[in-house]
Amino acid sequence: MPQNTTLSTLLEAGTDLVLDGALATELEAHGCDLEDALWSAKVLLEQPHLIKQVHRDYFDAGASVAITASYQATPQGFARRGLSVPESLELVALSVRLADEARQEALAEGSANGPLLVAGSVGPYGAYLADGSEYRGDYTLSAAEFQDFHRPRIAALVEAGADFLACETLPSYAEAEALLALVAEFDVEAWFTFTLRDSGHISDGTPLEQVAALLSAEPRVAAVGINCVPLELVSEALGNLQQASGKPLVAYPNSGESYDAVTKTWGPSQGVQGGGTLAGNAADWRDRGAHLIGGCCRTTPRDIEELAANMTPREPS
């Protein structure tokens with residue numbers, strides 16, 4: 001299933017890649033009710049064809065990377081629905097197959113140009129808790145407990161053929177350490193992206209410089225960055241990471257709206273540069289070292305289409 005071109009190879013060649021946008025927003029637009037602790041993983045159980053359709057919509061819009069619907073797909077979460085561990089891990093594998101099927105169709109029909117990549121989403125422990133703690137990082141597990149939680153899903157994603165892992169929406173330095181050990185254990189490429197307390201710290205208060213130092217020494221980490229954060233934090237945070245990390249950077253923030261993790265509601269934008277859009281900010285983010293840019297919550301295929309139109313190739317250095 002994976003293509004011959006790896007993420008690291010593309011980034012080392014100076015290639016910029018457009019990522020997809022929000023999965024949940026689009027599933028809701030297709031009529032899915034995501035008021036559930038499983039969130040988008042619920043749709044793997046009930047209407048998997050809609051997940052494939054959303055992946056296809058993003059490829060058609062110009063995305064080169066699809067992030068699988070496994071963010072909240074864990075044996076522990078599916079156990080609440082009475083599923084066994086093997087049944088749960090089959091759903092994780094299904095998330096990879098759906099993205100790959102969308103990729104193959106897009107390539108076969110000529111609606112997208114290769115290479116197209118599938119990133120296996122590895123959401124944080126806080127996503128399983130479904131209490132907003134992926135924006136706080138206020139949970140404590142030992143390294144072994146973190147690894148026991150994440151290992152089965154990572155194994156299923158790798159076995160199903162994900163091109164690399166997207167260890168994403170991470171609020172915790174300790175959890176990133178544990179995931180880094182698993183990336184080495186499975187000998188798989190990954191990017192690591194974090195939620196932020198402010199433009200200089202991830203959600204648990206760890207400075208971005210410390211996070212960059214942790215990840216810079218691991219060759220399997222292809223890129224480092226931020227996701228599921230407000231637009232207004234991105235530029236300064238990327239600047240801080242650019243100074244501290246030798247890795248390519250990745251950014252896929254939320255729409256310009258603001259999110260309240262307690263009430264789980266969205267409010268008006270706080271006023272951001274670049275017109276409050278991904279496309280309007282892309283040039284600045286690229287100047288700050290971002291080679292992978294996309295959208296997270298509340299972004300749409302239209303946002304990705306506009307972003308892709310703005311992601312012209314860089315001039316040779």
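Described in the following lines is the structure provided in the data block.

A surface patch of like charges, here negative, comprises E28, D33, E35 and E46. Inspection of the secondary structure puts E46 in helix α3 (residues 41-46). Exposure remark for E46: the relative accessible area of 46% places this residue in the partly exposed category.

So, on to the packing of helix α11 (residues 231-244) against helix α12 (residues 278-287). For any two helices packed against each other, one specifies the inter-axial angle together with the distance between the axes. At a minimum axis separation of 10 Å, α11 and α12 run at an interaxial angle of 15°. With respect to each other, α11 and α12 are oriented roughly parallel. The handedness of the crossing between α11 and α12 is right-handed. Contact residues: L231, V234, S235, L238 and Q242 in α11; L278, N281, D284, W285 and D287 in α12. By residue class, the composition of the contact of α11 with α12 is five nonpolar, three polar and two charged.

Time to look at the pairing of strand β3 (residues 117-122). On any regular strand, side chains alternate: one points to one face of the sheet, the next to the other face. The buried count for β3 comes to six of six residues, which makes it a mostly enclosed element. Because side chains alternate across β3, one face comprises the buried residues L117, A119 and S121, and the other comprises V118, G120 and V122, equally buried. In terms of strand pairing, strand β2 (residues 65-67) meets β3 through three bridges, oriented parallel. Bridge pairing links V65 to L117 in β3.

On to the side chain of S203, then. Topologically, S203 is positioned in the loop between β7 (201-202) and α10 (208-216). Taking relative accessible area as the criterion, S203 reaches 3% and is therefore assigned buried. A distance of 3.5 Å separates a polar atom in the side chain of S203 from the backbone nitrogen of L196.

One way to put it is that α12 packs onto helix α13 (residues 301-310) with a least axis distance of 8 Å and a crossing angle of 40°. Overall, the two elements α12 and α13 adopt an arrangement that is oblique. Two packed elements cross with a definite hand, and for α12 against α13 that hand is right-handed. The residues of α13 that touch α12, namely those facing L278, A279, A282 and R286, are D303, I304, E306, L307 and N310. Residue classes in the contact of α12 with α13 are distributed as five nonpolar, one polar and three charged.

Right, let's get into the pattern of salt bridges. Taken as a whole, this structure holds 18 salt bridges when the rule is applied. Its salt-bridge partner being E306, residue R302 comes within 3.2 Å of it at the nearest N-O pair. One end of the pair, R302, and the other, E306, are both in helix α13, four residues apart, so they sit about a helical turn from each other. One continuous salt-bridge network, built from bridges that share partners, spans K52, R56, D60, E101, E105 and E109.

Rules behind the numbers
Residues numbered from 1 in each chain as written. Predicted model: local features only at pLDDT ≥ 70, side-chain atom pairs only at ≥ 80, totals over all residues. Heavy atoms only, no water. Patch = residues over 30% accessible without salt bridge, like charges linked within 9 Å, V, L, I, M, F, W, Y side chains within 5 Å. Areas by Shrake-Rupley, 256 points an atom, 1.4 Å probe, with all protein chains shown as cover. Salt bridge = Lys/Arg side-chain N within 4 Å of Asp/Glu carboxyl O. Lys, Arg positive; Asp, Glu negative; His and termini not counted. Charge placed at Lys NZ, Arg CZ, Asp CG, Glu CD. Helix = DSSP H or I, 4+ residues; strand = E, 2+ residues; numbered from the N terminus. Buried < 20%, exposed > 50% of the residue type's maximum accessible area, 1.4 Å probe, protein only. Axes fitted to C-alpha atoms, helices over the stretch in contact; angles between N-to-C directions. Parallel < 35°, antiparallel > 145°, perpendicular 65-115°, else oblique. Left-handed = near helix turned anticlockwise from the far one by under 90°. Contact = heavy atoms within 4.5 Å. Nonpolar A, V, L, I, M, F, W, Y, C, P; charged D, E, K, R; others polar. Pairing = 2+ DSSP bridges. Polar contact = N/O pair within 3.5 Å; in protein donor to acceptor, adjacent residues only side chain to side chain.

In short, shape yes, function no, at least from these values alone.
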